[in-house]
Amino acid sequence: MARLTNQTQARDARLKKLARAIETLAAKDDLVQRHAREMSALRRAAAADLHAICADFVSSINRLLEHSEVELDPRTFAQEHFSEEGTHLIQINVRGRILQIAYRATPELVSTEDFRVPYTLEGTVRAFNQAMLDKDLIEEQLVFFTLENHKKMWRFFDARTYRSGPFDPEYLIALMEQLL
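About the criteria used
Residues numbered from 1 in each chain as written. Predicted model: local features only at pLDDT ≥ 70, side-chain atom pairs only at ≥ 80, totals over all residues. Heavy atoms only, no water. Core = buried A, V, L, I, M, F, W, Y, C linked by side-chain atoms within 4.5 Å. Buried < 20%, exposed > 50% of the residue type's maximum accessible area, 1.4 Å probe, protein only. Helix = DSSP H or I, 4+ residues; strand = E, 2+ residues; numbered from the N terminus. Pairing = 2+ DSSP bridges. Axes fitted to C-alpha atoms, helices over the stretch in contact; angles between N-to-C directions. Contact = heavy atoms within 4.5 Å. Polar contact = N/O pair within 3.5 Å; in protein donor to acceptor, adjacent residues only side chain to side chain. Arc of directions from axis to C-beta.

Q: Explain the nonpolar core to me, please; I cannot follow it from the model alone.
A: The nonpolar side chains of soluble globular proteins are, as a tendency, buried together. If you look at the biggest cluster of nonpolar residues, it comprises 34 residues, and the most contacted ones within it are Ile92, Trp154 and Phe167. Secondary-structure elements contributing two or more residues to this core are helix 1 (2–64), strand 2 (87–94), strand 3 (97–105), strand 4 (119–128), strand 5 (139–148), strand 6 (151–158) and helix 3 (169–179). Sort the elements by how many residues they give to this core and helix 1 lands first, with nine residues. Of all hydrophobic cores here, the second largest spans five residues; its members include Phe115, Val117, Phe144 and Phe157.

Q: Would you mind going over the sheet that holds strand 6 with me for this structure?
A: Hydrogen bonds between backbone groups are what pair the strands of a sheet, and the pairing can be parallel or antiparallel. The strand order 1-2-3-4-5-6-7 describes an open sheet built from seven strands, whose pairing is antiparallel. One side of each edge strand has no neighbouring strand; the edge strands of this open sheet are strand 1 (71–73) and strand 7 (163–166). Recorded for the sheet is a direction-independent mean angle of 20° between the axes of neighbouring strands. As paired elements, strand 3 and strand 4 share eight bridges and run antiparallel to each other. Residue pairing across strands places Ala105 opposite Leu121, the latter belonging to strand 4. Across the sheet, helix 3 is in contact with strand 2, strand 3, strand 4, strand 5, strand 6 and strand 7; its angle to strand 3 comes to roughly 135°.

Q: How should the side chain of Gln141 be read in this particular structure?
A: Within the secondary structure, Gln141 is located in strand 5. A distance of 3.4 Å separates the side chain of Gln141 from the side chain of Glu139, its partner in a polar contact. Residue contacts for Gln141: discarding those within four places in its chain leaves Gly123, Thr124, Val125, Phe156, Phe157, Asp158, Arg163, Tyr171 and Leu175.

Q: Please clarify how the pairing of strand 7 should be interpreted in this entry.
A: Looking down a regular strand, the side chains alternate between one sheet face and the other. In this sheet, strand 7 lies alongside strand 6 in antiparallel orientation, the contact comprising four bridges. Looking at the pairing, Asp158 lines up with Arg163 of strand 7. Connecting strand 6 to the next strand, strand 7, in antiparallel fashion are four residues, including Tyr162 with a positive phi near 65°.

Q: Please clarify how the pairing of strand 6 should be interpreted in this entry.
A: Judged by how many residues are buried, strand 6 sits mostly within the fold: six of eight residues are covered. One ladder, built from seven bridges, connects strand 5 with strand 6; its direction is antiparallel. Within strand 6, the position partnered with Phe144 by the bridge is Arg155. Connecting strand 5 to the next strand, strand 6, in antiparallel fashion are two residues, including Asn149 with a positive phi near 30°.

Q: Would you take a moment to explain helix 3 for this structure?
A: Within an α-helix, residues lying three or four positions from one another point in the same direction, as the helix has 3.6 residues per turn. The set of residues buried in helix 3 consists of Tyr171, Leu172, Leu175, Met176 and Leu179. One side of helix 3 holds all its buried residues, which, seen down the axis, span an arc of 130°. For helix 3, exposure combined with an orientation more than 90 degrees from the buried face picks out Glu170 and Glu177.

Note that all results are geometric; they support no functional claim without further evidence.
Structure below.
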């Protein structure tokens, strides 16, 4: 009888330990799901930010132009069209001189595979004109939405020169100057 009591107590202790582990697992799962929702919202905001940088650049130039117009495609950004599975494209066109930004979400919520600073969105910036296409040349650099010590920002990275910096109007001006 004592042996049966000991077995029952041991089983009850194991069941209690298992129940605590399940409760802990549920809390961990909730935390992981909350983090995934936060990263999804951050990715949407980052995509909107990238479009806003490009839109501000285009509108700043267009205010100074009298006879030409710089085109932005898409003209507006709708967060509901952002998809974490697809590749997104922003294009700036000046009379056949093209800046093209293609970006997508990383397979993991945060990655460091292609850039040393943790990032959650990755892509490329391509700059080309007809003369460059005739020579099979397309200027290409990488872009990342980085998560640097509480500072979240878009950065470019030139894999040929290892030059890196903020993706901002100054960067876009320098790229466009190369095309003209």
